[in-house]
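# Residue-level structural notes
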Amino acid sequence: MANRSQIPTCNSALIAMIADEDTVTGFLLAGVGNVDLRRKTNYLIVDSKTTVKAIEDAFKEFTTKEDIAIVLISQYVANMIRFLVDSYNKPVPAILEIPSKDHPYDPAQDSVLSRVKHLFSTESVASGRR
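Quick caveat, the model's predicted, so the values are computed rather than measured. By convention here, each chain's residues receive numbers from 1 onward along its written sequence. At least 70 in pLDDT is required for a residue's local features to be given in this predicted model, at least 80 for side-chain atom pairs to be given and counted, and no such filter applies to totals for whole chains, interfaces and linings, which use all residues. Hydrogens are left out, water is left out, and the side-chain values use all remaining heavy atoms of the structure.

## Regarding the sheet that holds strand 3 (residues 68-74)
When DSSP finds at least two bridges between two strands, those strands are taken to pair. Numbered from the N terminus, helices here are DSSP runs of H or I no shorter than four residues, and strands are runs of E no shorter than two. In space, the four strands of this open sheet follow the order 2-1-3-4, with parallel pairing throughout. Across the chains shown, the open sheet's two edge strands, defined by having one partner strand only, are strand 2 (43-45) and strand 4 (94-98). Neighbouring strand axes in the sheet, compared pairwise and without regard to direction, differ in orientation by 20 degrees on average. For strand 1 (residues 14-19) and strand 3, the ladder comprises five bridges, and the chain directions are parallel. Counterpart to Leu14 in the pairing with strand 3 is Ile68. In the packing of helix 2 (residues 52-64) onto the sheet, the strands contacted are strand 1, strand 2, strand 3 and strand 4, and the crossing angle to strand 1 comes to about 170 degrees. With axes taken as lines fitted to C-alpha atoms, and helix axes fitted only over the stretch in contact, angles between N-to-C directions fall between 0 and 180 degrees. Contacts between residues were defined by any pair of non-hydrogen atoms, one from each residue, lying within 4.5 Å.

## Description of the nonpolar core
Working definition of a nonpolar core: buried Ala, Val, Leu, Ile, Met, Phe, Trp, Tyr and Cys residues. They are joined through side-chain atoms within 4.5 Å. Partly exposed residues are those whose accessible area sits between 20% and 50% of the maximum for their type, while under 20% is buried and over 50% is exposed, using a 1.4 Å probe and protein chains only. The biggest cluster of nonpolar side chains holds 20 residues, and the ones touching the most others in it are Ile18, Phe59 and Ile73. Sorting the residues of this core by element identifies strand 1, helix 2, strand 3, helix 3 (75-80) and helix 4 (82-87) as the ones contributing at least two each. Tallying contributions element by element places helix 2 first for this core, with four residues. Counting residues in each nonpolar core, the second largest holds six residues, with Met17, Ala19, Leu72 and Ile98 among its members.

## Side note on the confidence of the model for the chain
What pLDDT conveys is the predictor's confidence in a given residue, as a value from 0 to 100. Summary statistics for the chain give a mean pLDDT of 84 and a share of 84% for residues scoring 70 or more. Highest mean pLDDT in the chain belongs to helix 2 (96); lowest belongs to helix 5 (residues 111-127) (67).

## Notes on the pattern of salt bridges
Basic side-chain nitrogens of Lys or Arg form a salt bridge, by our definition, when they fall within 4 Å of a carboxyl oxygen of Asp or Glu. If you walk through the whole model with that rule in mind, you get six salt bridges. A salt bridge links Lys40 to Glu61, with the shortest nitrogen-to-oxygen separation between them at 3.8 Å. In this pair, Lys40 sits in the loop between helix 1 (21-29) and strand 2 while Glu61 sits in helix 2, placing the two residues 21 residues apart along the sequence. We note a salt bridge from Lys53 to Asp57, for which the minimum N-O separation is 3.0 Å. Separated by four residues within a single helix, Lys53 and Asp57 lie in helix 2, roughly one turn from each other. Relative accessible area serves as the criterion here: at 35%, Asp57 is assigned to the partly exposed category.

Structural data, given as structure tokens:
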């Protein structure tokens, strides 16, 4: 237990979004949106004009903010910055890849799911079960 990272506790934690306009709008209508005192939002709407650099910057910003607990990212957007998503290994904020209206979810590309599969396959081999 001494090696476990502590999850910061505070009054509230936010969900950040990096996705297409329809997906972000749906989550904003559900109450996920936030604008801080510096007028920074907890979401990035990705369209055809959004650069990969802007997506990378948003991902880095959201994963380093103390008040964000989960980053939801559309899988097709995550594929644009796959090297960043795959190299991210902290428990908080958790990165969850989600489908979008125009791009179906592909479990083979989900880095979190592949890590879980690898973990369970390693555990089952180590314990002698298959």
